Amino acid sequence: WKAVLLLLGPPAFSTTCARPAKDRRLRAKRAISERQLTRYFVDQRKVRVVGGQGGGGGRSFYSEPRKVFGGPDGGNGGDGGHVIFKADQQMKSLSSVFPFYQGFHGERGGSKNCYGANGAHVYVKVPLGTLVKEDGRVVADLTQHGEEYVAAYGGAGGKGNRFFLSNENRAPTSFTPGEPGQERVLHLELKTTAHAGLVGFPNAGKSSLLRAISRAKPAVAAYPFTTLNPHVGIVHYQDYEQVAVADIPGLIKGAHQNRGLGVAFLKHIERCRFLLYVLDLSEPQPWTQLQDLKFELEAYEKGLSERPCVVIGNKFDLAQSRINLPLLRERVAERVIALSALTGDNLEELLLHLRELYDTYVKTEQSRGQSPVKW
């Protein structure tokens, strides 16, 4: 029988049992699609935060042989822990933020003048560009990595009977309980923080352009509204400077009135320091696209369309685009860069001008005494 088993090899069930586990690991490593990503991308959250309750004060009297009346020795209770929002550049969405957080409670004071331990703080990681609002009023704007905001303070610890010792009261028996923690209901709103924002109508080639100049992998397809949430790609330069470019979902006429994807993604353009208008050169009269885009931005927020910008004429590899390019330059006052995100033609001119816009932004921020956003 041993010889037969050696000829037949190991049992068949050993391979079949291992195969499902291997398939699960392979499925876990696959990148999720754009459609699946929309379920995980969250830019608004309502969070209830409660600070930890302070520990009560202790009530005890010191007593040992030959020292019966040693006096009060009840220690104070520990303070409750805070709930703290902390900006983290690794976080890209509010999907990991839970609707309720509470700090840890402080411990009760003990005998022999032992103070109770303070409750641990609860840190909630949020993405850069998170606004914290309370009753419609902005109370915090977390834009720098490591920036913190105390959302709810923990309660103070109670006083032990040792605290109430005085010449008039040599044997106090009173003590105080710990105070409850602060309770608040906050609204978190994410506005993507990037140096440049790609603004254009659906199917203008914004996602293809972001793929061409960075390592970001937004979905690309031949139908409108392929991009359903903002993507941020990083453009690397030889001197180790990094410029963040955000792919904003396509806008349509009336977007400021919540048509199409509406104002849900117009707000992500507010954080962009300069704008890249992406136009489809193959469409008739492409200069009208620029007029409509600026109108939507200005209707949403006054002055938004006046930020430093450059006009990108995409799909230059098509014959109709070569005819429309000189007509576009005649009717547009801004600089026009004609390129093809599909073939990679003339991407160098865009990258050089993008660096010029970034350097101008850095010098402007430094002249104002402010620190520019770094990636």
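Just so we're clear, the structure is a prediction, and the values are computed from it rather than from any experiment.

Draft legend 1. Examining the overall build of the protein chain more closely. Along the backbone of the protein chain there are 8 helices and 14 strands. The buried share of the protein chain, taken over its 375 residues, is 44%. Long-range pairs, those at least 24 residues apart, make up 72% of the contacts in the protein chain between residues at least 6 apart in sequence. Of the roughly 20600 Å² that the protein chain leaves accessible, carbon and sulfur atoms contribute 53%.

Draft legend 2. Local environment of the sheet that holds strand E4 (residues 122–126). In space, the 3 strands of this open sheet follow the order E4-E2-E7, with mixed pairing throughout. Two strands close off the open sheet at either side, each with one partner strand: E4 and strand E7 (148–152). Each neighbouring strand pair of the sheet contributes to a mean axis angle of 30 degrees, computed without reference to strand direction. In this sheet, E4 lies alongside strand E2 (residues 83–87) in parallel orientation, the contact comprising 5 bridges. Residue pairing for E4: Phe85 is matched across the bridge by Val124.

Draft legend 3. Structural detail: the sheet that holds strand E5 (residues 130–134). Strand order in the open sheet formed by 5 strands is E3-E1-E8-E5-E6, with mixed pairing between adjacent strands. Bordering the open sheet on either side are strand E3 (100–102) and strand E6 (137–142), each of which pairs with just one other strand. Mean inter-strand twist for the sheet, computed between neighbouring axes without regard to direction, equals 30 degrees. Pairing of strand E1 (residues 44–50) with E3, which is carried by 3 bridges, proceeds in the parallel orientation. Bridge pairing in E3 links Arg48 to Phe100.

Draft legend 4. Quick look at the confidence of the model for the protein chain. This prediction gives the protein chain a mean pLDDT of 80; 81% of its residues lie at or above 70. Considering only residues more than four positions removed or in separate chains, one finds that residues 1–18, a stretch of pLDDT under 50, has 0 contacts. The model gives residues 25–40 a pLDDT under 50, and that stretch makes 16 contacts with residues more than four places away or in other chains.

Draft legend 5. Spatial organisation of the environment of Val124. With respect to the secondary-structure elements, Val124 resides in strand E4. Overall, the relative accessible area of 3% leaves Val124 in the buried class. With 23 residues separating them in the primary sequence, Val124 and Tyr101 have C-alpha atoms 8.6 Å apart.

Draft legend 6. Layout of the packing of aromatic side chains. Under the criterion given, the structure shown has 3 aromatic pairs. A ring pair is formed by Phe163 and Phe164, whose centres lie 5.3 Å apart and whose planes are at 90 degrees; its orientation type is edge-to-face. Just above the ring of Phe163 sits the side chain of Lys159; from NZ or CZ to the centre is 5.1 Å. The ring of Tyr237 is capped by Arg355, whose NZ or CZ atom sits 5.1 Å from the centre of that ring.

Draft legend 7. Main features of the packing of helix H4 (residues 206–213) against helix H8 (residues 347–367). It is the contact of H4 with H8, at a shortest axis distance of 11 Å, that shows an interaxial angle of 80 degrees. On the basis of the axis angle, H4 is roughly perpendicular to H8. Touching Leu209, Ala212 and Ile213 of H4 are Leu347, Leu350 and Leu351, all from H8. Split by residue class, the contact of H4 with H8 holds 6 nonpolar, no polar and no charged.

Draft legend 8. Focus on the environment of His236. Along the chain, His236 turns up in strand E10 (residues 231–236). On the basis of relative accessible area, His236 is assigned to the partly exposed category, the value being 48%. Taking the C-alpha atoms as reference, His236 lies 8.9 Å from Ile213; in sequence the two are 23 residues apart. Beyond its immediate sequence surroundings of up to four residues, His236 is in contact with Glu241 and Gln242. Side chain to side chain, His236 and Gln242 meet in a polar contact 3.4 Å long.

Draft legend 9. Spotlight on helix H7 (residues 319–331). Leu325 marks where H7 bends most, by close to 30 degrees; the proline Pro326 follows one to four residues later. Among the residues of H7, Ser321, Asn324, Leu325 and Leu328 are the ones counted as buried. Against the buried residues of H7 lie strand E12 (274–280), helix H6 (287–300), strand E13 (309–314) and strand E14 (336–338).

Draft legend 10. Just the pattern of salt bridges, in detail. As enumerated under the stated definition, the model contains 10 salt bridges in all. For the salt bridge of Glu334 with Lys294, the shortest nitrogen-to-oxygen distance reads 2.4 Å. Residue Glu334 is located in the loop between H7 and E14, and its partner Lys294 is located in helix H6; the two are separated by 40 residues in the primary sequence. A residue is classified by how much of its surface remains accessible, and Lys294, at 21% relative accessible area, is partly exposed. Salt-bridge contacts for Arg355 lead to Asp359; the nearest nitrogen and oxygen are separated by 2.9 Å.

Draft legend 11. Up close: the environment of Leu210. Along the polypeptide, Leu210 turns up in helix H4. For Leu210, a relative accessible area of 0% corresponds to the buried category.

Draft legend 12. Layout of the pairing of strand E8 (residues 183–190). As paired elements, E1 and E8 share 7 bridges and run antiparallel to each other. By the bridge assignment for E8, Arg45 is matched with Leu188. Of the strand pairs in this sheet, E5 and E8 are connected by 4 bridges, and their pairing is antiparallel. Bridged to Val132 within E8 is Leu188.

Thresholds applied
- Residues numbered from 1 in each chain as written.
- Predicted model: local features only at pLDDT ≥ 70, side-chain atom pairs only at ≥ 80, totals over all residues.
- Heavy atoms only, no water.
- Helix = DSSP H or I, 4+ residues; strand = E, 2+ residues; numbered from the N terminus.
- Buried < 20%, exposed > 50% of the residue type's maximum accessible area, 1.4 Å probe, protein only.
- Contact = heavy atoms within 4.5 Å.
- Areas by Shrake-Rupley, 256 points an atom, 1.4 Å probe, with all protein chains shown as cover.
- Pairing = 2+ DSSP bridges.
- Axes fitted to C-alpha atoms, helices over the stretch in contact; angles between N-to-C directions.
- pLDDT = per-residue confidence, 0-100.
- Phe/Tyr/Trp six-rings, centres within 6.5 Å; stacked < 30°, edge-to-face > 60°.
- Lys NZ or Arg CZ within 6 Å of the ring centre and 35° of its normal.
- Parallel < 35°, antiparallel > 145°, perpendicular 65-115°, else oblique.
- Nonpolar A, V, L, I, M, F, W, Y, C, P; charged D, E, K, R; others polar.
- Polar contact = N/O pair within 3.5 Å; in protein donor to acceptor, adjacent residues only side chain to side chain.
- Bend = angle between axes of the 7 residues up to and from the residue.
- Salt bridge = Lys/Arg side-chain N within 4 Å of Asp/Glu carboxyl O.

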